[in-house]
Amino acid sequence: MTSGEALHEVHMTVNGAAMIARVPARRLLSDCIRHDLGLTGTHVGCEHGVCGACTILLDGAAARSCLLLAVSADGAEITTVEGLAARDGTLSPVQQAFAECHGLQCGFCTPGFLTTVTAGLQATPDPDDEQVRDMVGGNLCRCTGYQNIVAAVHRAAEIGAAVHEAAVHEAAVHEAAEHGAAVIGAAVHGAAETRAAEIARSRAGGS
Ligand code: FES
Ligand code: FES
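Treat the numbers as computed from the prediction; the structure is a model and nothing was measured.

Student: Quick question: what am I supposed to make of helix α4 (residues 129–136) here?
Tutor: In an α-helix, one turn spans 3.6 residues; hence positions three or four apart end up facing the same way. Along α4, the residues classified as buried are Val132, Met135 and Val136. Viewed along the axis of α4, the buried residues span an arc of 80°, placing them on a single side of the element.

Listed below in structure tokens is the structure:
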């Protein structure tokens, strides 16, 4: 940073937490994320928008953080690779699939693939081979030869579908349980009212 350069406050929600960075106008978002926010999972390769290593989710869409100024992200919701897993550490379907299918070697490109594929599968949850290749075509990997990455994307789609199905099932079970409780509650209430009426009648008859 040039000494004496004016600083601008940037308010962002990053991985679910409100964060504020004070940055010069020319600060790249990738540098802001890595150096100001300390989230070094976002990698920087080319800094020209070519390799995809710096990809993050910006308001849910994949974006190359090396092509954005940090000030332009004011008010945005950002997810970096650190924010993909659940709070308890459970890997996201895409992370789990990359681990299972060995979709990485040195791992330098991996944060960019994980964020890119996360957004890609939201748009195309069940991609065919060509769609998978299209999805990751803008991300460069020096190590893997891509076969395992392509396999990982297909596997991530499978895991994502299973997770979705389990969530739908759980919601249905929960709704059924709530409905059952309401029915039982109504029956108990009705029985109590009937019994109260009987008692009232018997008292009235006895007086
Ligand atoms: S570092 Fe951003 S695309 Fe390469
Ligand atoms: S795993 Fe090494 S660059 Fe992709």
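Student: Help me understand the domain arrangement of the protein chain, please; the structure alone is not making it clear to me.
Tutor: As a measure of interface size, the accessible area lost when the parts come together is often cited. Considered domain by domain, the protein chain is made up of domain 1 (1–83) and domain 2 (85–207). The distance between the C-alpha centroids of domain 1 and domain 2 comes to 29 Å. Taken together, the contact pairs 13 residues of domain 1 with twelve residues of domain 2. Of all elements in the fold, only β3 (55–58) and β4 (61–64) reach the threshold of two or more residues within the side of domain 1 that touches domain 2. Per element, the largest residue contribution to the side of domain 1 that touches domain 2 is three residues, and it comes from β3. Each residue belonging to the side of domain 1 that touches domain 2 can be placed in one class, and the counts come to eight nonpolar, five polar and no charged.

Student: So what exactly am I meant to see when it comes to the packing of helix α2 (residues 93–100) against helix α3 (residues 110–123) here?
Tutor: As a packed pair, α2 and α3 sit with axes 9 Å apart at the nearest point and diverge in direction by 125°. Viewed along their axes, α2 and α3 adopt a mutual orientation that is oblique. Every pair of crossing elements has a handedness; the one defined by α2 and α3 is right-handed. From α2, Val94, Gln95 and Phe98 reach across to α3, where they touch Thr110, Leu114, Val117, Thr118 and Leu121. When grouped by side-chain class, the residues that make up the contact of α2 with α3 number five nonpolar, three polar and no charged.

Student: Got a minute to help me understand the pairing of β4 in this structure?
Tutor: On a regular strand, one side chain projects to one face of the sheet and the next to the other, so that they alternate. As paired elements, β3 and β4 share four bridges and run antiparallel to each other. What sits directly across from leucine 58, in β4, is alanine 61.

Student: Could you clarify how one ought to interpret the nonpolar core in this entry?
Tutor: Within soluble globular proteins, side chains that are nonpolar generally end up buried alongside one another. Residues Val94, Val117, Val136, Val153 and Ala156 are the most contacted members of the largest nonpolar core, which totals 23 residues. If you list the elements that add at least two residues to this core, you get α2, α3, α4 and α5 (147–206). For this core, the element with the highest residue contribution is α5, accounting for five residues. When residues of this core are assigned to domains, at least three map to each of domain 1 (1–83) and domain 2 (85–207). Residues within four places of valine 117 in sequence aside, it is in contact with Val94, Met135, Val136, Val153 and Ala156. Formed by 19 residues, the second largest nonpolar core is a distinct cluster that contains Val23, Leu57, Ala62 and Ala119.

Reading the values: the criteria
- Residues numbered from 1 in each chain as written.
- Chains lettered and ligands numbered in written order.
- Predicted model: local features only at pLDDT ≥ 70, side-chain atom pairs only at ≥ 80, totals over all residues.
- Buried ≥ 20, exposed ≤ 12 C-beta atoms within 10 Å, placed from the backbone.
- Helix = DSSP H or I, 4+ residues; strand = E, 2+ residues; numbered from the N terminus.
- Arc of directions from axis to C-beta.
- Domains from an automatic or database assignment.
- Contact = placed C-beta atoms within 7 Å.
- Nonpolar A, V, L, I, M, F, W, Y, C, P; charged D, E, K, R; others polar.
- Axes fitted to C-alpha atoms, helices over the stretch in contact; angles between N-to-C directions.
- Parallel < 35°, antiparallel > 145°, perpendicular 65-115°, else oblique.
- Left-handed = near helix turned anticlockwise from the far one by under 90°.
- Pairing = 2+ DSSP bridges.
- Core = buried A, V, L, I, M, F, W, Y, C linked by C-beta atoms within 7 Å.

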